[in-house]
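Read off the chains here:
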Amino acid sequence: MFTAAQLRQWDEQGYVALGQVATDAELEALQRRIDDIMLGKVRYPGMFFQLDSETGEYEDVPPGSNAWQGPTLAYRKIQDLEQDDLFLAYLQHPRFRGITRQLIGPDVAVFRAMFMNKPAERGTHLPYHQDAGSQWQLSQDPILTIWTALDPATRANGCVQVIPGSHKLGLLSERGHTITPEQERRYCPEEKSVYLEARPGEVYALHNLLLHRSGINTTGTPRRAFSVCYMDAATRHVGPGERRYPVVFGRGALGNG
Ligand SMILES: O=C(O)CCC(=O)C(=O)O
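Quick look at the structure, then. (Residues numbered from 1 in each chain as written. Predicted model: local features only at pLDDT ≥ 70, side-chain atom pairs only at ≥ 80, totals over all residues. Heavy atoms only, no water.)

**Quick word on the overall build of the protein**
Phase 1 of the analysis: When helices and strands are counted, the protein shows 5 helices and 13 strands.
Phase 2 of the analysis: Here the C-alpha radius of gyration of the protein, 17 Å, is about what a compact globule of 257 residues would show, namely 18 Å.
Phase 3 of the analysis: Over its C-alpha atoms, taken along the principal directions, the protein stretches across nearly 45 × 45 × 40 Å.
Phase 4 of the analysis: In the structure as shown, the protein presents an accessible area of about 11800 Å², 50% of it carried by carbon and sulfur atoms.
Phase 5 of the analysis: Each charge class in the protein was averaged separately, 27 positive and 30 negative side chains, and the resulting centres sit 3 Å apart. (Helix = DSSP H or I, 4+ residues; strand = E, 2+ residues; numbered from the N terminus. Rg over C-alpha atoms; globule rule 2.2 N^0.38 Å. Areas by Shrake-Rupley, 256 points an atom, 1.4 Å probe, with all protein chains shown as cover. Lys, Arg positive; Asp, Glu negative; His and termini not counted. Charge placed at Lys NZ, Arg CZ, Asp CG, Glu CD.)

**Brief notes about the nonpolar core**
Phase 1 of the analysis: The biggest cluster of nonpolar side chains holds 38 residues, and the ones touching the most others in it are Ile78, Leu81, Leu91, Phe226 and Tyr230.
Phase 2 of the analysis: It is helix H2 (residues 24-39) that provides the largest number of residues to this core, a total of 5 residues.
Phase 3 of the analysis: Dropping the residues within four chain positions of it, Ile78 is found in contact with Ile34, Ile37, Met38, Met47, Phe48, Phe49, Ala113, Met114 and Phe115.
Phase 4 of the analysis: In terms of nonpolar packing, the next biggest core, distinct from the first, is built from 13 residues, Ala153, Ala198, Leu206 and Ala225 among them. (Core = buried A, V, L, I, M, F, W, Y, C linked by side-chain atoms within 4.5 Å. Buried < 20%, exposed > 50% of the residue type's maximum accessible area, 1.4 Å probe, protein only. Contact = heavy atoms within 4.5 Å.)

**Some points on the sheet that holds strand E7 (residues 160-162)**
Phase 1 of the analysis: Strands sit in the order E8-E5-E11-E7-E9 across an open sheet of 5 strands; the sheet is antiparallel. Two strands in the sheet have a free side with no partner beyond their single neighbour: strand E8 (177-178) and strand E9 (194-195).
Phase 2 of the analysis: Direction of pairing for E7 relative to E9: antiparallel, over a ladder of 2 bridges. Residue pairing across strands places Gln161 opposite Tyr195, the latter belonging to E9. (Pairing = 2+ DSSP bridges.)

**Notes on the pattern of salt bridges**
Phase 1 of the analysis: This structure, assessed with the given rule, holds 11 salt bridges.
Phase 2 of the analysis: Among the ionic pairs, Arg251 bridges to Asp107, the shortest N-O distance being 2.7 Å. Taken together, the residues span a long stretch of sequence, with Arg251 in the segment after strand E13 (247-249) and Asp107 in the loop between helix H4 (94-103) and strand E4 (108-118) at a distance of 144 residues.
Phase 3 of the analysis: The partner of Arg199 in a salt bridge is Glu202, with the nearest N and O atoms 3.2 Å apart.
Phase 4 of the analysis: For Glu202, a relative accessible area of 18% translates into the label buried. (Salt bridge = Lys/Arg side-chain N within 4 Å of Asp/Glu carboxyl O.)

**Notes on H2**
Phase 1 of the analysis: For H2, spanning 16 residues, the distance from its first C-alpha to its last is 23 Å, which sits close to the expected 22 Å at 1.5 Å a residue.
Phase 2 of the analysis: Inspection of H2 places Leu27, Ala29, Leu30, Gln31, Arg33, Ile34, Ile37 and Met38 among the buried residues, and these make up the whole buried set.
Phase 3 of the analysis: Phi turns positive one or two residues past the end of H2, at Gly40, with a value near 85°. (Expected span 1.5 Å × (residues − 1).)

**Concerning the site of the ligand**
Phase 1 of the analysis: Lining the immediate surroundings of the ligand are 13 residues, of which Asp131, Trp147, Ser214, Arg223 and Ser227 lie closest.
Phase 2 of the analysis: Take Asp131: an N or O atom from its side chain is 2.7 Å from an oxygen atom of the ligand.
Phase 3 of the analysis: Between the ligand and Ser227 there is a distance of 2.6 Å, counted from an oxygen atom to a side-chain nitrogen or oxygen.
Phase 4 of the analysis: Relative to its unbound accessible area of 290 Å², the ligand is 99% covered by the protein chains.
Phase 5 of the analysis: Those elements giving two or more residues to the shell around the ligand turn out to be E4, strand E5 (126-130), strand E11 (212-214) and strand E12 (223-232).
Phase 6 of the analysis: Per-element accounting of the shell around the ligand gives the leading share, 4 residues, to E4.
Phase 7 of the analysis: Split by residue class, the shell around the ligand holds 5 nonpolar, 4 polar and 4 charged. (Near = heavy atom within 4 Å. Polar contact = N/O pair within 3.5 Å; in protein donor to acceptor, adjacent residues only side chain to side chain. Nonpolar A, V, L, I, M, F, W, Y, C, P; charged D, E, K, R; others polar.)

**Concerning the packing of aromatic side chains**
Phase 1 of the analysis: What the rule picks out here adds up to 8 aromatic pairs.
Phase 2 of the analysis: Centre to centre, the rings of Phe111 and Trp136 are 4.3 Å apart; their planes meet at 15°, and the pair counts as stacked. With Phe111 in strand E4 and Trp136 in the loop between E5 and strand E6 (144-149), this residue pair connects regions lying 25 residues apart in the sequence.
Phase 3 of the analysis: Here Phe111 falls in the buried class, since its relative accessible area comes to 13%. (Phe/Tyr/Trp six-rings, centres within 6.5 Å; stacked < 30°, edge-to-face > 60°.)

**Focus: the side chain of Thr124**
Phase 1 of the analysis: Relative to the helices and strands, Thr124 is located in the loop between E4 and E5.
Phase 2 of the analysis: Overall, Thr124 belongs to the buried group, its relative accessible area being 1%.
Phase 3 of the analysis: Reaching out from Thr124, the side chain makes a polar contact with the side chain of Ser53 at a distance of 2.8 Å.

**Observations concerning the environment of Phe2**
Phase 1 of the analysis: Among the secondary structure elements, Phe2 is positioned in the segment before helix H1 (4-13).
Phase 2 of the analysis: Residues Phe2 and Val194 lie 192 residues apart in sequence; the distance between their C-alpha atoms is 21 Å.
Phase 3 of the analysis: Setting aside residues up to four positions removed in sequence, Phe2 forms contacts with Leu7, Trp10, Val16, Leu18, Ile99, Gln102, Leu103 and Ala205.

This is the structure we're talking about:
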């Protein structure tokens with residue numbers, strides 16, 4: 001659970017540093033496993049893979065698909081990681097159960113369990129955005145993302161950068177996600193931003209309405225991270241087609257949830 005001080009920080013700033021949650025051995029296993037998934041040594045049906053852009057520009061990121069696209073460490077994003085036993089066990093850690101119970105309730109699903117990568121000497125600029133809005137096609141906006149550094153995250157390798165308190169602005173774009181250049185000038189001056197540098201294994205809870213972005217990786221080693229968006233298990237997909245979200249805590253939960 002959040003302590004009283006963390007709850008205050010959550011309300012006022014929209015993010016909370018949680019320190020390292022996994023053991024060193026668990027962290028090493030997650031690092032090895034994500035490389036095995038990228039290299040195709042471990043495979044799951046229908047898992048979403050998106051390669052990194054060639055240019056570093058967000059507009060040039062290829063769309064991605066629900067299929068592995070060959071052995072490379074240059075993936076930008078991989079979703080559906082709740083299918084993997086190690087990632088599922090980690091996202092169901094008792095610390096996360098406590099926080100989700102406090103902020104969401106006993107029955108919790110994940111909108112996405114996602115690997116975000118800035119490959120060595122590559123990566124793509126991710127512009128300021130919020131993680132909510134109609135493009136998510138949900139019956140209610142989720143509020144909680146738990147982001148874990150799998151490697152050191154630094155200004156040089158594209159750590160996440162946030163605008164403290166910006167979750168209080170509400171949803172800035174009807175469709176959600178990236179904001180306009182005018183909104184960025186208004187709400188995101190460099191002097192207001194905070195770089196969330198992290199040691200491997202360190203965790204941040206991020207409010208989904210918090211304005212955040214990340215840069216490219218100018219170093220010779222990757223900046224890997226695992227980002228999980230938790231939401232009330234009653235949240236429904238409201239777009240065309242059927243979509244169900246994996247329940248990870250409470251009634252009908254996967255694994256040991
Ligand atoms: O890891 C990153 O660079 C960005 C993460 C992000 O935007 C998210 O987890 O919602």
